[in-house]
Amino acid sequence: MWLVGRHRLELRDAEELANHIVSEVCRWLPKCKGLDNRDPERGAAETFNWVRSVRESRFQDWVRQKQRRPQLELVEELPEEAPEEPPEKHLGREARMRALEAARQGIRQIIREQAPRPYFEQARHLQVGLTLPELNKQLHTFERVRWHQEPTLDVGVSLGESGTRKQIQDRVSQWVKRGGRALMVGAQYAQTQVKDADVREVLENLAKMLAEPLKRRKT
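Basis of the calculations
- Residues numbered from 1 in each chain as written.
- Predicted model: local features only at pLDDT ≥ 70, side-chain atom pairs only at ≥ 80, totals over all residues.
- Heavy atoms only, no water.
- Helix = DSSP H or I, 4+ residues; strand = E, 2+ residues; numbered from the N terminus.
- Buried < 20%, exposed > 50% of the residue type's maximum accessible area, 1.4 Å probe, protein only.
- Contact = heavy atoms within 4.5 Å.
- Areas by Shrake-Rupley, 256 points an atom, 1.4 Å probe, with all protein chains shown as cover.
- Salt bridge = Lys/Arg side-chain N within 4 Å of Asp/Glu carboxyl O.
- Axes fitted to C-alpha atoms, helices over the stretch in contact; angles between N-to-C directions.
- Parallel < 35°, antiparallel > 145°, perpendicular 65-115°, else oblique.
- Left-handed = near helix turned anticlockwise from the far one by under 90°.
- Nonpolar A, V, L, I, M, F, W, Y, C, P; charged D, E, K, R; others polar.

Asker: It is not clear to me how the overall build of the protein should be interpreted in this structure. Could you clarify?
Answerer: Secondary structure assignment for the protein yields 9 helices and 2 strands. Starting at the N terminus and ending at the C terminus, the protein contains elements arranged as β-β-α-α-α-α-α-α-α-α-α. Relative to its 219 residues, the protein shows a buried fraction of 32%. Sequence separation of 24 or more characterises 61% of the internal contacts of the protein that already satisfy a separation of 6 or more. Total accessible area computed for the protein in this model is approximately 14700 Å², and 52% of it derives from carbon and sulfur atoms.

Asker: Explanation requested: the pattern of salt bridges in the structure shown.
Answerer: Oppositely charged side chains are able to pair whenever their charged atoms sit close together. Applying the stated criterion to the full structure yields 10 salt bridges. One salt bridge in this structure joins R171 and E161, with 2.7 Å as the shortest N-O distance. Taken together, the positions of R171 in helix 8 (residues 165-191) and E161 in the loop between helix 7 (152-158) and helix 8 put the pair 10 residues apart, joining distant regions of the chain. K166 is the partner of D170 in a salt bridge, and the nearest nitrogen-oxygen pair spans 2.7 Å. Taken together, the residues span about one helical turn, with D170 and K166 both in helix 8 at a distance of 4 residues. Assessed through its relative accessible area of 25%, D170 is described here as partly exposed. Salt bridges sharing partners connect three or more residues here, namely E101, R104 and E143.

Asker: How should the packing of helix 8 against helix 9 (residues 197-211) be read in this particular structure?
Answerer: When two helices pack together, their arrangement is given by the angle between the helix axes and the distance between those axes. For the pair helix 8 and helix 9, the least separation of the axes is 8 Å and the interaxial angle reads 150°. As summarised for this structure, helix 8 and helix 9 are arranged roughly antiparallel, according to the angle between their axes. Here helix 8 runs over helix 9; the crossing is left-handed. Residues G180, L183, M184, A187, Q188, A190 and Q191 of helix 8 form the contact with helix 9, whose own contacting residues are R200, L203, E204, L206, A207, L210 and A211. In the contact of helix 8 with helix 9, the residues fall into 9 nonpolar, 3 polar and 2 charged.

All quantities given are derived from atomic positions and should not be read as evidence of function.
This is the structure in structure tokens:
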């Protein structure tokens, strides 16, 4: 990150600005070569001043352009440090993380031990992967598509799937559904194992949410 005057530039903005300046200099520099032939020192100084004026001009153009695009808000002053989050917010986030991990471990334990029997039979009925590699693939795919909002096609290709676009998307969509069901069963089982009331509450809400039919996302 760079600070130019009162303006803060992200890396992509600095690269964009530098490209504009280099393009402008390369375009007009041949016209300045005649100065070098008459007086190299004077020509070099004038060329330097001209390049500096190009830089300043293009920077001002960039500032005006950014100000016309509110979605790429220009930060004219360095922001103050963000206020610390209240302790209860940290506790809530920690409970959610612990609940999610408990749900993951819960379904893995069910599949590994094929017990407790009611939960294992429920997982079988919901077509959850009955081997750990299958299960892990479903969980991984569910989280990438549903929680990280990655397109099904991109996920399928990254996992080495082949076929038509629709075949890959349909296959990944099935893994997403089964991954969500796996996490739901794991959350239900984890509620019987976890002692922390806050984590149990999150697990209960997670299981209810995952019990609802998943809508297929557009990709």
